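Here is what each chain is made of, one letter per residue.
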Amino acid sequence: MSLSLSFGSAKTAIAAERVTLSAGSWARSVELDDLRSLAVTGQASGFLQDALRYGNLQPKTVQAALNFSIPLSPVLADRLLYSPLGNLALDRIGRVLSPRVSGQDGRQALRGAILQSVARDSRFTLLELLDNYPTDARLDLLQIQQLQQDLALLSRLSF
């Protein structure tokens, strides 16, 4: 647990404020604030609206995915995320949320973002992961609904 706290405090200084949204071969960088606004209002504007249109996604669908909450205690998260099952879960989430620059350790970045999120309130959302991600991120819009379904299944497992 102390690892997540020290990682989190280092992250605060280098947190990215932009996210690269991708849909197939199309990619566009948007402000994280635009995603935060979408999560609250359900409305997209500017490049974000274009990205959703290109990905054939409704703003309310993305809003639901950004706000979908997974309950997870910090102790269980720490144990789970360092297990083989946790590595599989990180790899699955990593198909949707990954470092913008290839070659960076996406699994470690996700692990840190999840641990930092659950340390606050024993849950995490995709929006919190974006807020806590320690480097510039890429979010695959075409897989966002599948990720939400996968996380819903994960949240029903009892450990």
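Just above, that's the structure.
As the structure is a computational prediction, the values presented were derived from the model and not from experiment.

J.: Teacher, can you tell me more about the sheet that holds strand 1 (residues 18–23) here?
T.: Strands belonging to one sheet form pairs held by backbone hydrogen bonds; the direction of such a pair is parallel or antiparallel. Strand order across the open sheet formed by four strands is 2-1-6-4, with mixed pairing between neighbours. Edge positions in the open sheet fall to strand 2 (26–31) and strand 4 (97–99), since each of these has one partner strand only. Between one strand axis and the next, the sheet turns through 30 degrees on average, direction left out of account. Bridging between strand 1 and strand 2 involves six bridges; their strand directions are antiparallel. Residue pairing for strand 2: Ser22 is matched across the bridge by Ala27.

J.: So what exactly am I meant to see when it comes to the environment of Ala109 here?
T.: Structurally, Ala109 can be placed in helix 7 (residues 106–121). Classification of Ala109 by relative accessible area gives buried; the value is 5%. Residues Ala109 and Ser98, spaced eleven residues apart in sequence, show a C-alpha to C-alpha distance of 8.2 Å. Non-local contacts of Ala109, meaning those with residues more than four positions away in its chain, are made with Tyr133 and Pro134.

The rules behind each value
- Residues numbered from 1 in each chain as written.
- Predicted model: local features only at pLDDT ≥ 70, side-chain atom pairs only at ≥ 80, totals over all residues.
- Heavy atoms only, no water.
- Pairing = 2+ DSSP bridges.
- Helix = DSSP H or I, 4+ residues; strand = E, 2+ residues; numbered from the N terminus.
- Axes fitted to C-alpha atoms, helices over the stretch in contact; angles between N-to-C directions.
- Buried < 20%, exposed > 50% of the residue type's maximum accessible area, 1.4 Å probe, protein only.
- Contact = heavy atoms within 4.5 Å.

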